[in-house]
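Single-letter residue listing:
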Amino acid sequence: MSSAALINTYGVRKTTLVRGEGSRLWDDRGNVYLDALSGIAVCGLGHAHPAVTRAINEQAGTLLHTSNLFNIEPQQRLAEKLCGVAGMDKAFFCNSGAEANEAAIKLARKYGNDKGVATPTIIVTENSFHGRTLATLTATGNPKVQQGFGPLLQGFVRVPFNDCAAIEKCAAENTDIVAVLVEPVQGEGGVNVPADDYLQQLRAICDRHHWLLMLDEIQTGNGRTGKFFAYQHSAIAPDVVTTAKGLGNGLPIGACLTRAGAAGVLQPGNHGSTFGGNPLACRVAETVIDTLLADGLMENADTLGRQLRAGLAEALSGDSKVVDIRGKGLMIGIELDRACGELVDQAKEKGLLINVTAANTVRLLPPLILTGAEAAEIVDTVATLIKAL
Ligand SMILES: *Cc1c(COP(=O)(O)O)cnc(C)c1O
């Protein structure tokens, strides 16, 4: 089924998924798939999770929307819960990842303007992805995302990912820098994992220059890498964290979390959202966090991520097409020496949903509820297809 009434921003879509349960999805022809994509790192608890369904039903029968002109109890509870697990002070809620980054970018500019900085400037990295709004596509390090949408915004400088020397060089050349915005592991850019001490180094640089360290955890957050947030592997505290994707398990919600000097920057009237922080999305996100913690799903993501990477490394050892197998938790990339987009359809034929990003990297983002048997199934199918490529 295709529809001429849709603006064609996503190209041809061949499959219509109509039902899900746990790690499995069914299409309109009755075919079943093992989901190693989770709606792009969204459905960490899998599909039709009973606790999520219950939270939606209960809240839908109680209160859907009031606007932010009133206190919203689920929003307040979620802010406390999310700041608690994150080690952050304050939360602003919106409806998507791009919006969460917009909030962070506005916050950094206001932080600079409050200090009298003439042109507040944010350091961003090559191969990054921060969203599709004008500010976030300007921050994104991918010319394809920016092509045709000029003029882009001022106030960004770009450095290579995982390169602290380049950032120090910016500091020497530009006195208007106010913040660094990076993904702890780049997602769309190819599942790029930086050096173990990258975030610690960034923290030290930001402290030295009084810049905000802003982490885009829209894809890496909510348990995906084996900790609630990926920076928790590095034992550092950022000033600003953005998240979205996995937070609502499919209900649209984003958050911008702040700490310390960043926490007082946005004041009444500075930012807002009609839908942001609505009772339904917040109630569901609370349930998602509770379930992640109660069911040990971050630990599961860590364990099964190791199993997947080790299994793939073993099954693909000696295959010269494989450049690298990398990742953290259940965010895994298999970089090949060639473009491999056709693997997506080939895997679908075999009942497995995967993704290819940065043209040559197979990306696996299975739900955090994955079992060992399901991980073995993914290894088997993916390794067989790559060997035959
Ligand atoms: C998906 C993503 C975004 C954009 O989120 P949307 O909800 O699509 O606006 C931003 N940053 C990262 C790292 C992402 O993976």
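Scroll up to find the structure.
The following paragraphs examine the structure supplied in this document. (Residues numbered from 1 in each chain as written. Predicted model: local features only at pLDDT ≥ 70, side-chain atom pairs only at ≥ 80, totals over all residues. Heavy atoms only, no water.)

## Structural notes on the sheet that holds strand β6 (residues 156-159)
Under the convention used in this document: Pairing between two strands is assigned when DSSP locates at least 2 bridges connecting them. Secondary structure elements follow DSSP: runs of H or I of four or more residues count as helices, runs of E of two or more count as strands, with numbering from the N terminus. The convention used is that axes are lines fitted to C-alpha atoms, helices contributing only their stretch in contact, and that angles between N-to-C directions extend from 0 to 180 degrees. Any two residues whose heavy atoms approach within 4.5 Å are treated as being in contact.
The sheet built from seven strands is open, its strands ordered β4-β10-β9-β8-β7-β5-β6 with mixed pairing. Every interior strand has two partners, whereas the edge strands, β4 (90-94) and β6, have only one. Averaged over all pairs of adjacent strands, the angle between strand axes in this sheet comes to 20 degrees, irrespective of strand direction. Strands β4 and β10 (254-258) of the sheet are contacted by helix α3 (residues 73-86), whose axis makes an angle of about 125 degrees with β4.

## Focus on the layout of surface pockets
To keep it simple, the criterion reads: With a 1 Å grid spanning the protein atoms alone, the term cavity applies to any set of points in which a 1.4 Å probe fits but cannot get out, the term pocket to an open set with protein on both sides within 12 Å along at least five of seven lines, and the term lining residue to any residue with an atom within 4 Å of a point. Grid points are joined across faces, edges and corners, and a volume is the space filled by probe spheres set on the points.
The space that makes up the second largest pocket amounts to roughly 590 Å³. For the second largest pocket, the lining is made up of 23 residues, of which A91, F92, F93, L266 and H271 are closest to its centre. Contributing elements (two or more residues each) for the lining of the second largest pocket: α3, β4 and β10. It is β4 that contributes the most residues to the lining of the second largest pocket, four residues altogether.

## Looking at empty space enclosed by the protein
What counts is decided by this rule: Each residue is assigned to one of three groups, with Ala, Val, Leu, Ile, Met, Phe, Trp, Tyr, Cys and Pro labelled nonpolar, Asp, Glu, Lys and Arg labelled charged, and all others, Gly among them, labelled polar.
Under the definition given, this model contains two cavities of 30 Å³ or more. Its volume calculated, the largest cavity comes out at about 50 Å³. As for the largest cavity, its lining consists of A41, V42, G44, L45, G221, N222, R224, G246, N249, V288, L292 and L368. Tallied by class, the residues present in the lining of the largest cavity amount to six nonpolar, five polar and one charged. The calculated volume of the second largest cavity comes to roughly 30 Å³. Around the second largest cavity, the lining residues are L343, A347, I354, V362, V382, L385 and I386.

## Describing the nonpolar core
Heads up, the rule is: Throughout this description, the term nonpolar core refers to a set of buried Ala, Val, Leu, Ile, Met, Phe, Trp, Tyr and Cys residues connected via side-chain atoms within 4.5 Å. Per-residue accessibility, obtained with a 1.4 Å probe over protein chains only, is compared with the maximum for each type, and a residue is labelled buried under 20%, exposed over 50%, and partly exposed between these values.
Ranked by internal contacts, the top residues of the largest apolar core, which has 77 residues, are I334 and L364. Counting residues per element, this core draws most heavily on helix α9 (residues 279-294), which supplies eight residues. Excluding anything up to four places from it in sequence, I334 contacts L312, L316, V322, D324, I325, N360, T361, V362, L364, V382 and I386.

## What to know about the packing of helix α10 (residues 297-315) against helix α12 (residues 372-388)
Inclusion rule: Convention used here: angles under 35 degrees read as roughly parallel, angles over 145 as roughly antiparallel, angles from 65 to 115 as roughly perpendicular, and any remaining angle as oblique. In this scheme the crossing of two helices becomes right-handed for a clockwise turn of the near helix relative to the far one and left-handed for an anticlockwise turn of less than a right angle.
At a closest axis distance of 9 Å, the pairing of α10 and α12 adopts a crossing angle of 30 degrees. If you check the angle between α10 and α12, you find them roughly parallel. The handedness of the crossing between α10 and α12 is right-handed. Two secondary-structure elements touch here, α10 through L304, Q307, L308, G311, L312 and A315 and α12 through G372, A375, A376, I378, V379, V382, A383 and K387. Split into classes, the residues belonging to the contact of α10 with α12 amount to 10 nonpolar, three polar and one charged.

## A few points about α3
Along an α-helix, residues three or four positions apart point the same way, because every turn accommodates 3.6 residues. Applied cut-off: Multiplying one less than the number of residues by 1.5 Å gives the expected span of a helix. By arc we mean the arc of the directions from the helix axis to the C-beta atoms, nothing more.
Compared with an ideal rise of 1.5 Å per residue, which puts 14 residues at 20 Å, α3 spans 20 Å between its outermost C-alpha atoms and is within 8% of the ideal. Along α3, the positions that sit buried rather than exposed are P74, Q75, L78, A79, L82, C83 and A86. Along the long axis of α3, the arc covered by the buried residues comes to 155 degrees, so they all point the same way. Exposed residues pointing more than 90 degrees away from the buried face of α3 are listed as E73, E80 and G84. Of the surrounding secondary structure, the elements contacted by the buried residues of α3 are α2 (50-60), β4, β10 and α9. G87 occupies a position one or two residues after α3 and carries a positive phi of about 70 degrees.

Geometry only, nothing functional implied.
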